[in-house]
Every structure is written in structure tokens, then in C-alpha cells.
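Here is what each chain is made of, one letter per residue.
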Amino acid sequence: MDKDSVLTHFLKAKTMSTLLGGELPVSVINNKKYISPLTSEAQVTDRNVEDTSLDGAIHTALCDEGRSVILVGPEGSGKTTALEKLVVDWAKGEHLQNFSYVFHFRFRELNSINDMLSLETLMLHHHGHIPPESMPLLLQKPEDVLFVFDDLDQCKQSLDPSVHTLCSDPSQAASLSCLVASLLHGSLLKGATFVVATRTGGCPNVVSGTQVEVLGFLKPQREAYINGFFTDPAAATKARMHMERTLGFYDICTSPRFCWTVCSVYKSLMDAGADLPETLSQLYVDILVHLIQTLSMTKACNRELVLSLGKMASHCFLEQHSSCTKEEMDSFGFQQFPTSVGAFLQVDGPSNRCVFAFYSQLMQEFLLAVSFFLDKSKSESVEKMLEKHKGRAKFLDVFMSALSQPVQSRPLENLLGEMNSDRIADFKSWFKSSSEMTLKGWYKDKHHHCFHLLYQAQNESLVREIITPSARIGISYGDLSLQDCVALNYVVTCLGEMEELNLYRTTNLTEEEAERLAPTMSLSHKIKLPDCCLSPGAVRHVASALSGGLTKELDLSQSRLGDEKFKILCAGLRDCKLQKLKLVMCKLTEASCEDLASVLTSDTSRLCVLDMSLNQIGDEGFTNLCKALHGHHCKLQDIHFFDNELTGECCPHLMEALMSEHCSLSELDLSVNELGQEGALLLCKALSRPGCPMEKLKLTRCELTQPVFKELGSVLRSGTSKLKSLSVGMSKVGDQGVKHLWDAVAHPNCVLEELDVEMTRLTDASTEDLCAAIRASKTLKSLELRNNSLTNASVPALVQVMQDSENMLEMNVKYNDFGDEVFDLLD
């Protein structure tokens, strides 16, 4: 095969680059601007770029003796350019030199072949780079042959081998689809190798082999591309930063073709000194304005052209066609625009059999939206139009939302004439009614979509009109996409504040997502991030949002935060309005307590409620916090240290803190810690201090003994205790131990309202003292008696005392030794 002729063929420009069609592969290759697209592996691994490049993936698959490599990716992801670069590199002698023959075909061009032909004819006359005398040698050594097929999804006939009578003779004439099916199946030229490219969802079962998912560009590749596009570094930086801020969160930004379009529009606008678009819709307005201006037609002709494009767009969506014939185009009204369609559409095939297709679905949807508002007829409502294209045109209502705003549609009206005011009014009415219904519901995906429509509209007063007080925007918005973050942030920023931001069960809150949400977090009174996974960068943005923000409550429970990320968070806790912090099961250790103690003793801390339950902080960590408790601007009133691996060793420090006149602690939970008798007695000593503010104390399963219960009884009877709620369940003290509490409850000085003595081994022998205590108490409202050994004999007395008491509201006696016969009486 003549490599020089192959090289000349590929490096010769046959057409021109277009705004929507992207830069020609030959231009990219000739100008040394080629950047290898990435495979989908780049999103899910920490591997080097070289390991996830498309070029590398193809070479690896071919070197592993793979007979077929299938490239699958969305439109404009760089498949075509990568395949042409593959062939050019082979022709230059740089790669794949184990192949003596490389044939490159595009189905957009092959579709024009309607005649029967043999494989030999296809290779000789439709490729043209192999002399006839080389054919016998080629056929004898098929392992030296590489076929490259692009646009497999564009093949008009089925390539399914089951619908063809496959051929094995290279000289046998057959239809093009039969030849290709026979090649891919292996019945024809068995042993040859194939690299095939298809759009996502196209021809999935016609060829087997190594499948490579093509992603395109991530941020580093976009940066390299933009830097190569602009000759001025300052312009490149401006374009890159603006694109990442306004568009970088859309999947389409992975498309090299889209990057070309954006850069081309940006350059045109910057050269003219105009503002760059802030949204996707504004970008497409600028694109359409640019394309129309290049045609230099009258306003009436411009309007008719866009209306024709809209008819074509709708037809392709509804009929699920990727392209249209010349006859179909004439039926849409394109006869008067024979030379203008090339600016908007891809045209393939010879002039007598050419087909027309949109370069991208987004442009197709945008033209459909524009044409709908241009149409002066009243035959179709917004709701009917959207319903008709539902599931096919994802961004249709998004574009319509933007175009319904006069500020955004005006540049188009200057070129196309006025929009249909009735249809715009109809859209606004539909949007308001559907949004009100959506935002009263509990489906977060529908909420997000509503926010996207508002974001594209870019109308602050519309946000305030749509987001009424009845809207449930406090529901869980866990696992937001990056574009969801942008839309939600826009809405909240327009509103000025948010009662609660709930991101429950966000699988992975990235730094970029948190950065987009930072303004929303700073405007939220409550932030809920339970059962979330936050990257260190995300924590940094949370901390920044807290500092100087409105947030008063933060819940990070079960977020697997760890000491290092908590240290980052503490930077924002020192100067914020936060009053309540939940850190339940966050994998914190004693190391975090030192950082937290520093926060608590700062003059600016307003923290009142702290929950660090189920963290392994131990005695040493808790001791650090106790030192902060008796400092004078520490404002903690409520702390929870449930199951923190504490022992009696920490209790002297806790006692010292509680004895301090500066301590304002009114609620303390130390349940499921092995405080033991010695530690608990020290705690009782602190509780007996006149002026001790403690009102709620939980010591469930803390290894308490009868002497501890005796001391607690003394505290309750002292006349100085403010305790209103006491939990001492799961203590093996029996009737004798709990009697100290019954005696205390009966004392006139006791102000206890809630008492929990679950699983303390109570028997019927305690019932008399229990009932006497309830009758004597003026304050007790709730009594927890679950999991004890009370029997049917106690039931009449318990029922009677509940009926007689004026203040008792609840007595829980589940899981005692009652028989079935007394359940009705208990109810």
C-alpha cells in the first residue's frame, strides 16, 4: 500500500471548518493541535492521563491481539479525529507498523453506494491507495490488514449478520451492508483487524471485541485546547475561566467539537468587545445570531429559514431519524435556501443523493424552541408541544424558559422579527402552574429541573414569584450533579436565604460541587450533611461558607469526616454564627478534641449544642473538652457523648468543669460509657453544687451502682437541683437501688419531669413505692419502665395511678412479664 498517497489524501483539506461542525481533523493534525480524547476510565480512576487516553487505549487493545476495537461515544467526542490521526501515524511509520494495509472508510460517504460490489472492488476503487497487483498478497495475509470504519451508527442498512446471507469470497458481489456485516462477523477476510467508531447507542450488537468508551476532554484537556486556540494568553485565560464557570458543569463540555464552537464564539465576541454568555441558552442565542449574520439575508428570509429548521428538528425527534433526504427537506420549505443550510447542517453524499443532519442534538433542540416562539399560528399549546417531544428533547423547556425572557430573546428578534407573544404568555402560565405543583411535592429530580429552568431564565423576580412559602425546598437534595449545584445556588442566591439545605446521603461531595454550593451554604440557616462523603476540598468550602455565613445548625453525622478533615472544618468554626453542631459517628479521635477545644475557647464561638456521640475520643480527648467547658466565652449548654469510650478517669475533669461558675451546661448525655461507681459519684458531687444549671442528664448503661442511685436521690431532694430529665436505664441496681429515686420523686423539692429506669431489674415489689412517688409528685410527666420484671400483679395499681395522676402523660411498660390477658387493660 502506498503510504505516501494515504498521507496526501488525509492531509489535504476537502472542506472547510464550520462553527457547529468543529475544526476539521486535517486542520487539527496539520497544525499540531491534536489532543487525545480520554476514555471513561479517566473519571473513575486515579491513573495517569496517558493511561486513559483514547490513543493509548486503541494501541493497547490492538497490541493485545484484539481482532476488533469498538469506540463508543457521544457526538463530537473526538472519535473521527482520533481515527484519522491513527491512520496518519501509521502512514508516517510511527505506529501500528505490524499492519501492511490500512483501509479507512466513513459510513457517511459509503451510504451513497447503492450498487452491488465485491470486497476487492471496495478496496481498489473506493479506497484507491492499493495497486491491483497487491491484492492477491493482501488476500493471502488478512492478519496484515486493518479496517477502520467511522460513523458505524450512520449506516442506513442493517449490519446484523442474521439478516444477511454472509459471503466469504472477496470477489463475490454483494450489498455494501452485507460486505461489512461479513467482514465484522469474520466470514469474509477472516483474521483481519477492525477499529470501529459509533455513537453511544448505535449498532451495539453487530460487532464483538474490546469496547472503549470515549469521554472526550476533562478540565486539563480543555485548558490545553483553549490555550492552543487563542494566541493571546490573557484571552485564553479569560475564555477558559468563563467557560468553566458557566458551562464546565455540562456533559457536553467533554466534547472537543463543542470546545471549538465555544472558543470560536468567545473569540468573535471578545474581538467585538461584547459580553460573554452567562448560560447555555445565552451561548446558543449568540451562536444562532452569529450564523444568521454570516448569511446576510433579509429578516423575512431569516425567519423562514429558522422556521424550516424547526420543522426539520421536530420531524427528526418524532420520527427518530438522524438525517433527512432532499425530498423531506423540500417539504420543510428549504427550497429557497439551497446554499444557506450548510451553516446549520451537516451535508453528506453526492449532490443527487445527499442527506442532511444536525451537528448536535442541543442545536436541534434550541432551533425547535426558537421556531416554536416564532410561529404565529395558534394551533399548538406549550403543554401539547412539550408532551409530544417528551423523552426526546431533554433541553427543550430549558431553552424555552430562557427565550420567554425579553432580555434574552431580543438579539434574535432583531434578526428574525418578533416572537409570538401569545405563545410566550402560554409558556409563562404553564411554567408557573407546573412549578407550583412540582415544588409542593417530594421528588427532588423535579425540583432540580424547575431550578434549571429558573437558572436559564436569569430573572430574579421570577424566582421570587415561583418559589413561594409553600414550596418544599428543604427536602433532601442528596447526590446533586454539578449542574444541579449551579442551578440551586442561583435560586437560593436570588432568594437571599434558605431555611435548610439538606444534602442527606450525598455519595461524594466534590470540591467543585462544594465550591458551587458555597454561597448557598452561607445563606442557609441549617445545613444537613448526614451520611455524606466529603472530599478535603469540599470541607474547605464548607468551612469557608460557615465563616461569616448565616448557618446556625450543621449536621455532619456519619460523614466519615476523620481528624484531618475536621481540622480543616475548625478553621470555619472559629468565626461563625453556628450554634448547633452534630458530629455523630464521624471517625473522630482524641486528636480532634484539641482542635475543637481551641474553637470553644475562642471569643467568637457561639456553639451551644455539641453532639460527638459514637466517636473514639476516649478519656484524653474528653478531658481536653472539659478544660474548655469551664472557660468564661465557652457557651456550650448541651453536649452528647454517647458511646465515646469514656471511663471514670475523665470524671474528675468533668466535675471540675461542672463546678465552675462559668459552666452553663444544662444537658449532658454520657450514655454507654463505663463511668462506674467512682466516676459517677464525682459527677453527683458536681450536680449538688448550688446553682448547677443541669436540667437533663443521661447516664444509660454507664455501670451505675446502688450508691450512685442513692447520691442521685440526694441531689434530686436537695432543693437546689434543676434536673427535669434523668435517664439511668440499663443499671443492675434492682428494686432497692431504684427506691432511692422513688423517694426523691416523692419529695416536694424534686422538679423531675422525665425519669428513665429501663432494664434496672424492677419487680412487683417496687410497685407500691413507684405509685406513691407518682401520687406525691407535682411535676413527673413521663416514666420509662421497659424491659423490667413487672408482672400482671402490678397492672391494676399502675393503671389506677395513671388515671388518678393529674400530671402524668406517659408510662412505657413494654417488654415486662405481662400476660396477654392484661394488654386490653393496659391500653
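How each quantity is defined
- Residues numbered from 1 in each chain as written.
- Predicted model: local features only at pLDDT ≥ 70, side-chain atom pairs only at ≥ 80, totals over all residues.
- Heavy atoms only, no water.
- Helix = DSSP H or I, 4+ residues; strand = E, 2+ residues; numbered from the N terminus.
- Rg over C-alpha atoms; globule rule 2.2 N^0.38 Å.
- Contact = heavy atoms within 4.5 Å.
- Areas by Shrake-Rupley, 256 points an atom, 1.4 Å probe, with all protein chains shown as cover.
- Lys, Arg positive; Asp, Glu negative; His and termini not counted.
- Charge placed at Lys NZ, Arg CZ, Asp CG, Glu CD.
- Buried < 20%, exposed > 50% of the residue type's maximum accessible area, 1.4 Å probe, protein only.
- 1 Å grid on protein atoms, 1.4 Å probe; cavity = no way out; pocket = protein on both sides within 12 Å on 5 of 7 lines; lining within 4 Å.
- Points joined across faces, edges and corners; volume = space filled by probe spheres on them.
- Nonpolar A, V, L, I, M, F, W, Y, C, P; charged D, E, K, R; others polar.
- Axes fitted to C-alpha atoms, helices over the stretch in contact; angles between N-to-C directions.
- Parallel < 35°, antiparallel > 145°, perpendicular 65-115°, else oblique.
- Salt bridge = Lys/Arg side-chain N within 4 Å of Asp/Glu carboxyl O.
- Phe/Tyr/Trp six-rings, centres within 6.5 Å; stacked < 30°, edge-to-face > 60°.
- Pairing = 2+ DSSP bridges.
- Expected span 1.5 Å × (residues − 1).
- Disulfide = S-S within 2.5 Å.
- Polar contact = N/O pair within 3.5 Å; in protein donor to acceptor, adjacent residues only side chain to side chain.

K.L.:
Describe the overall build of the protein chain, and please don't skip the residues or the numbers.
P.N.:
Along the backbone of the protein chain there are 36 helices and 21 strands. Relative to the 2.2 N^0.38 estimate, which gives 28 Å for 827 residues, the radius of gyration of the protein chain is 37 Å and therefore markedly larger than a compact globule would have. In terms of overall dimensions, the protein chain has a C-alpha envelope of 110 × 65 × 60 Å along the principal axes. Nonlocal contacts in the protein chain, meaning residues at least 24 apart in sequence, comprise 79% of its contacts between residues at least 6 apart. A total accessible area of about 35900 Å² is found for the protein chain, and carbon and sulfur atoms account for 48% of it. Between the centroid of the 78 positive side chains of the protein chain and the centroid of its 107 negative side chains there is a distance of 5 Å.

K.L.:
Requested: an account of the environment of T210, with residues and values cited.
P.N.:
Residue position: T210 is located in strand β6 (residues 210-216). Considered as a pair, T210 and I58 are 152 residues apart in the sequence and their alpha carbons are 9.2 Å apart. Once residues within four sequence positions are removed from consideration, T210 is found in contact with A61, S68, V69 and I70.

K.L.:
Any details on unusual backbone geometry? Residues and values, ideally.
P.N.:
Within the chain, Q558 stands out as a residue other than glycine whose phi angle is a positive 55°. Tracing the backbone shows Q558 in the loop between β12 (553-555) and α27 (562-573). Assessed through its relative accessible area of 38%, Q558 is described here as partly exposed. Positive phi values are uncommon outside glycine, yet R761 reaches one of about 70°. Secondary-structure assignment places R761 in the loop between β19 (754-756) and α34 (767-776). The exposure class of R761 is exposed, given its relative accessible area of 52%.

K.L.:
Tell me about empty space enclosed by the protein, residues and numbers included.
P.N.:
Across all of its chains, the model carries three cavities of 30 Å³ or more by this definition. In this structure, the largest cavity spans a volume of roughly 50 Å³. Every residue lining the largest cavity is listed: L573, C576, L578, L581, L596, V599, S605, R606 and L607. Partitioned by chemical class, the residues of the lining of the largest cavity number seven nonpolar, one polar and one charged.

K.L.:
If you had to explain the packing of helix α28 (residues 590-600) against helix α29 (residues 618-629) to someone new, which residues and values would you point to?
P.N.:
When two helices pack together, their arrangement is given by the angle between the helix axes and by the axis-to-axis distance. At a minimum axis distance of 8 Å, the contact between α28 and α29 shows a crossing angle of 5°. Classified by the angle between their axes, α28 and α29 sit roughly parallel to one another. Between α28 and α29, the residues in contact are E590, C593, E594, L596, A597 and L600 and E620, G621, F622, N624, L625 and A628, respectively.

K.L.:
Describe the pattern of salt bridges, naming the residues involved and giving the relevant values.
P.N.:
With the rule as written, the count across this model stands at 26 salt bridges. Salt-bridge contacts for R245 lead to E278; the nearest nitrogen and oxygen are separated by 2.9 Å. Of the two residues, R245 is situated in helix α12 (residues 233-246) and E278 in the loop between α13 (256-271) and α14 (280-295); the sequence distance between them amounts to 33 residues. A residue is classified by how much of its surface remains accessible, and R245, at 41% relative accessible area, is partly exposed. Of the charged contacts, one joins R505 and D531 as a salt bridge, the two residues approaching to 3.0 Å between their closest N and O atoms. In this pair, R505 is assigned in the loop between β10 (498-502) and α25 (511-522) and D531 in the loop between β11 (524-528) and α26 (536-546), connecting sequence segments 26 residues apart. For D531, a relative accessible area of 22% puts it in the partly exposed group. Three or more residues joined by partner-sharing salt bridges are found here, namely R106, R108, D150, D151 and D348.

K.L.:
So what's going on with the packing of aromatic side chains? Which residues, and what values?
P.N.:
The geometry of two aromatic rings is summed up by the distance between their centres and the angle between their planes. By the definition in use, this model includes 21 aromatic pairs. Relative to Y225, the ring of F217 has its centre 6.0 Å away and its plane inclined at 45°; by these criteria the two rings are tilted. Aromatic pair Y455 and Y490: ring centres 5.6 Å apart, planes at 70°, arrangement edge-to-face. Of this pair, Y455 sits in helix α22 (residues 444-457) while Y490 sits in helix α24 (residues 482-495), and the two are 35 residues apart along the sequence. Here Y455 falls in the buried class, since its relative accessible area comes to 8%.

K.L.:
Could you give me a rundown of the sheet that holds strand β7 (residues 324-325), with the residues and numbers involved?
P.N.:
Strands sit in the order β7-β9-β8 across an open sheet of three strands; the sheet is antiparallel. Of all strands in the sheet, those with a lone pairing partner are β7 and β8 (345-348), marking the two edges. Running over the sheet, helix α15 (residues 299-319) touches β7, β8 and β9 (355-358) and is turned about 85° from β9.

K.L.:
With reference to specific residues and values, describe the sheet that holds strand β18 (residues 725-727).
P.N.:
With parallel pairing, twelve strands are arranged side by side in an open sheet as β10-β11-β12-β13-β14-β15-β16-β17-β18-β19-β20-β21. Each having just a single partner strand, β10 and β21 (810-812) make up the two edges of the open sheet. Strand-to-strand twist in this sheet, taken as the mean axis angle between neighbours without regard to direction, amounts to 5°. Bridging between strand β20 (residues 782-784) and β21 involves three bridges; their strand directions are parallel. The residue of β21 that forms the bridge with L783 is M811.

K.L.:
I'd like a description of α15, backed by residues and values.
P.N.:
Relative to the 30 Å expected for 21 residues at 1.5 Å per residue, α15 spans 30 Å between its end C-alpha atoms, a close match to the ideal helical length. The positive-phi residue at the C-terminal boundary of α15 is Q320, with phi of around 55°.

K.L.:
Tell me about the state of the cysteines, and please be specific about residues and values.
P.N.:
Chemically, a disulfide is nothing more than a covalent bond linking the sulfur atoms of two cysteines. Within the structure shown, the criterion is met by zero disulfides. C593 provides the cysteine sulfur closest to C570, a residue in no disulfide bond, and the two sulfurs are 10.0 Å apart.

K.L.:
Tell me about the environment of S598, and please be specific about residues and values.
P.N.:
Note on placement: S598 falls in helix α28. On the basis of relative accessibility, which here comes to 32%, the residue S598 falls in the partly exposed class. Sequence separation between S598 and L556 is 42 residues; the distance between their C-alpha atoms is 19 Å.

K.L.:
Quick one: what's the story with the side chain of S118, residue by residue and with numbers?
P.N.:
Tracing the backbone through its elements, the reader meets S118 in the loop between α7 (107-110) and α8 (119-125). For S118, a relative accessible area of 7% puts it in the buried group. Within the structure, S118 has its side chain in polar contact with the side chain of T121 (distance 2.9 Å). In this structure, S118 is in contact with P170, S171, Q172, A173 and L179, ignoring residues within four places of it in sequence.

K.L.:
Describe in detail the side chain of D555, supporting the description with residues and values.
P.N.:
With respect to the helices, strands and loops of the structure, D555 is situated in strand β12. One buried charge, D555, has no salt-bridge partner; the nearest side chain with opposite charge is K582, at 4.3 Å. Look past the residues within four positions of D555 in its chain and what remains in contact with it is I527, K528, L529, P530 and K582.

K.L.:
I'd love a proper account of the packing of α14 against helix α19 (residues 396-403), names of residues and values included.
P.N.:
Relative to each other, α14 and α19 sit at 75°, their axes nearing to 9 Å. Overall, the two elements α14 and α19 adopt an arrangement that is roughly perpendicular. Contact residues: L280, S281, Y284 and V285 in α14; V398, F399, A402 and L403 in α19.

K.L.:
For the pairing of strand β2 (residues 68-73), give the residues involved together with the corresponding values.
P.N.:
Within β2, six of the six residues are buried, which leaves the element mostly enclosed by the surrounding structure. In this structure, β2 lies alongside strand β5 (residues 193-199), joined through six bridges in parallel fashion. When the bridges of β5 are listed, L71 appears paired with A197. Pairing of β2 with β6, which is carried by four bridges, proceeds in the parallel orientation. Paired with I70 across the bridge in β6 is Q211.

K.L.:
Tell me what's going on with the pairing of β10, and back it up with residues and numbers.
P.N.:
In terms of burial, β10 is a largely internal element, four of the five residues being buried. Pairing analysis gives four bridges linking β10 to β11, with the strands arranged parallel. Along β11, the bridge assignment pairs M498 with S524.

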